Amino acid sequence: MSFEQFFNFKSNSITSAAGLLAASTVISRLLALVRDGLLAGKFGAGVATDIYFAAFRIPDLVYNFLIAGGLVVAFLPLFSEFYSEDEERAWEFTSNILNIFLVLLVVTCAVLFLLTPLLIDLIAPGFNAAQQAKTVMLTRLMFLSPIFFGLSSIFSGVLHHFKKFLAYALAPVLYNLGIIFGIIVLSPRFGIFGVATGVVSGAFLHWLIQIPAAKKCGFSYKLSLRWNQTVKKMFKLMIPRSLAMASQQINLIVITAIASTIGEGSVAVFNFANNLRRLPIGLVAIPFSVATFPVLSRSWARGEREKFKASFSRTFRGILFLVIPISLLVFILRAHLVRLILGSLGKEFGWQATRLTAASLGLFCIGVFGSALIALVTRAFFALKDTKTPTLVTLVGVTLSIGLSFLLVWVLGFSNGFRSLLVGLLKLEGIRDIAVVGLPLAFSAAMVVQFLVLLFTFVRKMKKLNLDGTILPEIAHSSKKIISASVGMIPFVYLTLYLINPLVNTSTVLGLLVQGFSAGLVGVLVFLVINMIVGTPELQVVKETLNRALSRKSS
């Protein structure tokens, strides 16, 4: 494949697009695991990693408020509308938005740069003066990241329209490579500041890789900075979604503030576990949701209501088919995963940090299916050009998460039946302070509630449009079979762990890997066999996808 063919590669179906995104996500997530493993091995779960993760909070707030979700979902429908009518107008619109957001991001980050000391005092009240000073310095450096990500997101919207997902898919890979470079090459000399430099470098590469692909689509930069009705319309679409994304970051800011008061390493434990939680979401939910969004948008815009409904239902059930068993396997093998990923690439990640992170990961698994499906249902609302409803539901979820976080951390600070239950369930005997595990439990509970409210609100909206049809019955029918198959594999996974244990030395990386991989493989095989027996529809979809892939290779 030549350089030009590389950037002109086009995905012609949801399956191929999702497959491409899933493949790149696998690579990116694997690199993210290496990244976190190197970070944990180099700095452990202590002061340096607490500072590093806390420094992300304000730049991430800027990114999520102005860029993530809101910019892409508002830009793409308008760009598609303009491009179908007048290509030149669409490209002028793109340049104008690019310039407006560049100015907006630079000004916003400059103002926050000046206010950083005051903001860090609120975000990390449990840090001492020296820790807060370092957090301020890292935060200011990381303000370059949302600027690069903002420019990158506009090109992502263009590539989404043309179904050219390859360069877009490579962007997060380069981002993680940038951070890994910072850990391996820069941190020996500059410490945690070297890692932050790697973050900025990765964000720059995230933007850079998409420029040639956008140019191949027809983009030509123009110096244009006009605040017109089209821009107003875009911001009107953005604001509700931006508020929703910002509220999620406020949730993480509050959680960081609480964690900073619990004890050294608590911020790091939560974030390491949260990064592992995002693995199944990134591998399954995001690729399918991103690939489906343009189809949903076009179907609705063209009046193809049945196609809209069918695409939504099929993708929803496909995500559920993959996420439920993965969540259960991650819960069962949580200690193996934490020890292999965070404890095998260095000596700084201690046993107590390992146990608390594994426990936090286990509690995160409760809400993974909710978080995964929220990504799809939210985009379905966006395709209907309804950004207000998901925002209101997100605010409910965030409010619940914050409230539960304060409550559960407080409850776990005392000896009581609930604390004893978690200690026994999550194998935390001998650890005096387990309050940090209240944070992932609160987060998971809120995600489940948020998903249920969002789904039933979407179904009600479909009923008003006379499109409720078979969405819920189809989902319920598949869910029963998927859950049954997932529960059915559990005893086989535990039995495999038990049988393999005497045969390997689990104090070594190889022994741990053999035991965990064997148990996971048995679980997957049992899950597939049970689905074959009960006739889960989604299994047939997987088989058809594999058959098409094999037939293309043999032709």
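Above this text sits the structure in question.
Parameters at a glance
The written sequence of each chain sets the order in which its residues are numbered from 1. Residues qualify for local features only when their pLDDT is at least 70, as the model is predicted, and side-chain atom pairs are given and counted only at 80 or more; totals for whole chains, interfaces and linings, by contrast, use all residues. Values reported for side chains reflect all heavy atoms of the structure, with hydrogen atoms and water molecules removed beforehand. In DSSP terms, a helix is any run of H or I states spanning at least four residues, a strand is any run of E spanning at least two, and both are numbered starting from the N terminus. Given a helix with a known number of residues, its expected span is that number minus one, times 1.5 Å. Exposed residues in this analysis have more than 50% of their type's maximum accessible area, buried residues have under 20%, and partly exposed residues fall in between, with area computed by a 1.4 Å probe over protein chains only. Here a salt bridge means any side-chain nitrogen of Lys or Arg lying within 4 Å of a carboxyl oxygen belonging to Asp or Glu. Lines fitted to C-alpha atoms define the axes, with helix axes restricted to the stretch in contact, and inter-axis angles between N-to-C directions lie between 0 and 180 degrees. Each angle is binned into one of four classes, with values under 35 degrees roughly parallel, values over 145 roughly antiparallel, values of 65 to 115 roughly perpendicular, and all other values oblique. Crossing handedness follows the turn of the near helix against the far one: under a right angle anticlockwise gives a left-handed crossing, and clockwise gives a right-handed one. What makes two residues a contact is simply this: any of their non-hydrogen atoms within 4.5 Å. Here the nonpolar group is Ala, Val, Leu, Ile, Met, Phe, Trp, Tyr, Cys and Pro; Asp, Glu, Lys and Arg are the charged ones; every other residue, Gly included, is treated as polar. Nonpolar cores were defined as sets of buried Ala, Val, Leu, Ile, Met, Phe, Trp, Tyr and Cys residues, with membership established by side-chain atoms within 4.5 Å. Patches here: salt-bridge-free residues with over 30% relative accessible area, like charges joined within 9 Å, nonpolar side chains (Val, Leu, Ile, Met, Phe, Trp, Tyr) joined within 5 Å. Accessible areas in this description were obtained via Shrake-Rupley with a 1.4 Å probe; residue shielding takes into account the shown protein chains only. Here is the rule: rings of Phe, Tyr and Trp (six-membered ring for Trp) pair when centre to centre is within 6.5 Å. Planes less than 30 degrees apart are stacked, more than 60 are edge-to-face, and the remainder are tilted. Counted as over-ring charges are cases with an Arg CZ or a Lys NZ within 6 Å of the ring centre that also lie within 35 degrees of the ring normal.

## Re helix α8 (residues 144-161)
Under the 1.5 Å per step criterion, the end-to-end length of α8 is 27 Å for 18 residues, consistent within 8% with the ideal 26 Å. Taking burial as the measure, the 18 residues of α8 include 17 buried ones, the bulk of the element. The first or second residue beyond α8 is Lys-163, which carries a positive phi of 60°.

## Concerning the pattern of salt bridges
Under the counting rule described, the total for this entry stands at two salt bridges. Between Asp-60 and Arg-57 there is a salt bridge, with the nearest N and O atoms lying 3.4 Å from each other. Placement of the pair is Asp-60 and Arg-57 together in helix α4 (residues 57-66), with a separation of three residues, close to one helical turn. Asp-60 sits in the partly exposed class, given a relative accessible area of 21%.

## Quick notes on the packing of α8 against helix α11 (residues 210-217)
Closest axis-to-axis distance for the α8/α11 pair is 9 Å, and the angle between their directions is 40°. One element, α8, and the other, α11, form an angle in the oblique class. Note that α8 runs across α11; the crossing there is left-handed. Side by side, α8 and α11 meet where Ser-152, Phe-155, Ser-156, Val-158 and Leu-159 of the first sit next to Gln-210, Ile-211, Ala-213, Ala-214 and Cys-217 of the second. Looking at side-chain class alone, the contact of α8 with α11 contains seven nonpolar, three polar and no charged residues.

## Considering the nonpolar core
With 167 residues, the main nonpolar core has Tyr-52, Phe-316, Val-437 and Phe-458 as its most contacted residues. If you tally residues by element for this core, the top one is helix α13 (residues 266-301), at 13 residues. Discounting residues that sit within four places of it in the chain, Tyr-52 has contacts with Leu-39, Leu-138, Met-142, Ile-179, Ile-192, Val-195, Ala-196 and Val-199.

## Concerning the environment of Pro-125
Looking at where Pro-125 falls in the secondary structure, it is placed in the loop between α6 (87-123) and α7 (129-142). Measuring from C-alpha to C-alpha, the distance between Pro-125 and Thr-506 comes to 40 Å, with 381 residues separating the pair along the chain. Those residues within four positions of Pro-125 in sequence are excluded, and the remaining contacts are Gln-132, Ala-257, Ser-260 and Thr-261.

## With respect to a nonpolar patch on the surface
A cluster of nonpolar side chains, Val-103, Val-107, Val-111, Phe-113, Leu-114, Leu-115, Leu-118 and Leu-225, forms an exposed patch at the surface whose accessible area comes to about 760 Å². Within the secondary structure, Phe-113 is located in helix α6.

## With respect to the packing of aromatic side chains
The geometry of an aromatic ring pair comes down to the distance between the two centres and the angle between the two planes. Scanning the model with the defined rule gives 18 aromatic pairs in all. Judged by centre distance (6.1 Å) and plane angle (15°), the ring pair of Phe-148 and Trp-207 falls under stacked. With a gap of 59 residues between them, Phe-148 in helix α8 and Trp-207 in helix α10 (residues 192-208) connect regions that are remote in the sequence. What makes Phe-148 buried here is its relative accessible area of 17%. Among the aromatic side chains, those forming a connected cluster through ring pairs are Phe-312, Phe-316, Phe-369, Phe-381, Phe-451 and Phe-458. Over the ring of Phe-113 we find Arg-140, and its NZ or CZ is 4.6 Å from the ring centre. One residue, Arg-277, lies across the ring of Phe-364, its end atom 5.5 Å from the ring centre.

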